[in-house]
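# Structure at a glance
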Amino acid sequence: LAEKRAEVQGNKNRYLAGLEQLEFATQNVNGMQVELENLKPQLVISGQETEKLMAVIQSKLPGVETKRAEVTKDAEAAEAEAAICKASKDEVEADLAEAIPALNAAVAALDQIKPAEINEVKNLAKPPATVKLVAESICVMLEIKSVRIPDPNDPSRRIMDYWGPSQKMMQDNDFINKLKGYDKDNIPLKVMKNIRENYITNEAFTPAN
């Protein structure tokens with residue numbers, strides 16, 4: 001009987017312990033349910049904020065991509081421009097290397113020119129085309145402007161002419177010294193471009209002519 005009673009008491013104790021554990025678990029579950037219910041509004045708000053943030057990010061992405069494309073395009077344009085500048089620089093340096101001997105020879109030739117010879121050229125009413133061409137190129141180098149005159153071949157038209165300004169230029173007693181002291185290291189780009197395109201490439205503009 002004592003053994004039976006002990007067995008029953010043991011079963012009872014285990015049953016009571018199980019009930020206590022079940023009660024504890026139930027309380028925990030209930031507590032978590034309450035906490036979950038309390039968190040629901042915050043979770044909803046967080047979800048909404050997340051959606052808003054994602055919407056903002058998505059809205060900014062096209063702008064970022066556009067800006068990236070613009071920067072890439074600008075970089076490519078800058079590289080292309082740098083390549084063009086380098087090519088132009090190389091071309092100018094090559095032209096300069098070719099022109100320096102001729103320039104030095106021209107400067108040396110200035111020492112041989114006499115004032116009487118300049119006066120003779122200056123007083124020509126109808127100078128040869130090559131003389132006019134050389135005088136015109138000097139006006140361009142010295143940035144002396146042309147003047148508008150009636151076209152000899154068509155009086156109804158007017159043309160730009162350098163011979164009048166050339167004659168005035170040669171009247172200057174310091175004309176030869178100005179040519180000798182010409183700052184060939186700082187020639188304006190527009191002057192270099194004009195000389196290269198309109199005179200150096202002109203077949204009539206050669207020492208042989």
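Conventions we followed
- Residues numbered from 1 in each chain as written.
- Predicted model: local features only at pLDDT ≥ 70, side-chain atom pairs only at ≥ 80, totals over all residues.
- Heavy atoms only, no water.
- Core = buried A, V, L, I, M, F, W, Y, C linked by side-chain atoms within 4.5 Å.
- Buried < 20%, exposed > 50% of the residue type's maximum accessible area, 1.4 Å probe, protein only.
- Helix = DSSP H or I, 4+ residues; strand = E, 2+ residues; numbered from the N terminus.
- Axes fitted to C-alpha atoms, helices over the stretch in contact; angles between N-to-C directions.
- Parallel < 35°, antiparallel > 145°, perpendicular 65-115°, else oblique.
- Left-handed = near helix turned anticlockwise from the far one by under 90°.
- Contact = heavy atoms within 4.5 Å.
- Nonpolar A, V, L, I, M, F, W, Y, C, P; charged D, E, K, R; others polar.
- Arc of directions from axis to C-beta.
- Pairing = 2+ DSSP bridges.
- 1 Å grid on protein atoms, 1.4 Å probe; cavity = no way out; pocket = protein on both sides within 12 Å on 5 of 7 lines; lining within 4 Å.
- Points joined across faces, edges and corners; volume = space filled by probe spheres on them.
- Polar contact = N/O pair within 3.5 Å; in protein donor to acceptor, adjacent residues only side chain to side chain.
- Expected span 1.5 Å × (residues − 1).
- Salt bridge = Lys/Arg side-chain N within 4 Å of Asp/Glu carboxyl O.

For the rest of this paragraph, the subject is the nonpolar core. Ranked by internal contacts, the top residues of the largest apolar core, which has 17 residues, are V140, M169, M170 and F175. Every element with two or more residues in this core is listed here: α3 (129–141), α4 (163–170), α5 (175–180) and α6 (189–200). Among the elements that take part in this core, α3 stands out by supplying five residues, more than any other.

Attention shifts here to the packing of α3 against α6. When two helices pack together, their arrangement is captured by the angle between the axes and the distance separating the axes. Close contact between α3 and α6 brings their axes to 9 Å; oriented N to C, the two are set at 160°. With respect to their mutual orientation, α3 and α6 come out roughly antiparallel. Remark: the crossing between α3 and α6 carries right-handed chirality. Contact residues: L133, E136, S137, V140 and M141 in α3; V191, N194, I195 and Y199 in α6. Among the residues forming the contact of α3 with α6, the class breakdown is six nonpolar, two polar and one charged.

Once that is clear, we can look at α6. Considered for burial, the residues of α6 that qualify are V191, I195 and Y199. Looking straight down α6, one finds its buried side chains confined to an arc of 35°; they lie on one side. In this structure, α6 carries L189 and K190 as exposed residues pointing more than 90 degrees from its buried face. Tucked inside the fold, the buried residues of α6 contact α3.

Now for the pairing of strand β2 (residues 154–161). Note: strand β1 (residues 147–151) against β2, five bridges, orientation antiparallel. Note on β2: the bridge partner recorded for P150 is R158.

Another aspect to go through is the layout of surface pockets. A probe matching the size of a water molecule, rolled over the atoms, marks out where space remains unfilled. Its volume calculated, the second largest pocket comes out at about 210 Å³. Considering the residues around the second largest pocket, the lining is formed by A125, K126, P127, K132, I149, D151, P152, N153, I159, M160, D161 and W163. Of all elements in the fold, only β1 and β2 reach the threshold of two or more residues within the lining of the second largest pocket. Looking at the lining of the second largest pocket, the element that brings in the most residues is β2, giving three residues. Residues of the lining of the second largest pocket, tallied by class, amount to seven nonpolar, one polar and four charged.

Structurally, S137 is set in helix α3. Of note is the side chain of S137, whose polar atom sits 2.6 Å from the backbone oxygen of V134. Excluding residues that lie within four positions of it along the chain, S137 makes contacts with I195, Y199 and F205.

Our next topic: unusual backbone geometry. Most of the time, phi is negative for any residue but glycine, and the peptide bond is trans. Not every positive phi belongs to a glycine, and E143 is a case in point at roughly 60°. Along the chain, E143 turns up in the loop between α3 and β1. On the accessibility criterion, E143 (46% relative accessible area) is partly exposed.

Since the α-helix advances by 3.6 residues per turn, residues separated by three or four positions end up pointing in the same direction. The first and last C-alpha atoms of α3 sit 18 Å apart over 13 residues, in line with the 18 Å expected at 1.5 Å per residue. Listed as buried for α3 are L133, A135, S137, I138, C139 and V140. Contact partners of the buried residues in α3: α4, α5 and α6.

Let us look at the pattern of salt bridges. Between side chains of opposite charge, a pair can form as their charged atoms come close. Going through the model one piece at a time under the given rule, you end up with six salt bridges. The partner of K190 in a salt bridge is E143, and the shortest N-O contact between them spans 4.0 Å. Of this pair, K190 sits in helix α6 while E143 is found in the loop between α3 and β1, placing the two residues 47 residues apart along the sequence. We note a salt bridge from D172 to K178, for which the minimum N-O separation is 2.7 Å. The partly exposed category is assigned to K178, whose relative accessible area is 45%.

Attention now goes to the packing of helix α2 (residues 115–122) against α4. Contact geometry for α2 and α4: axes closest at 9 Å, N-to-C directions at 155°. As judged from the angle between their axes, α2 and α4 are roughly antiparallel. The two elements α2 and α4 meet at a crossing, and its hand is left-handed. In contact with I118, V121 and K122 of α2, α4 contributes W163, Q167 and M170.

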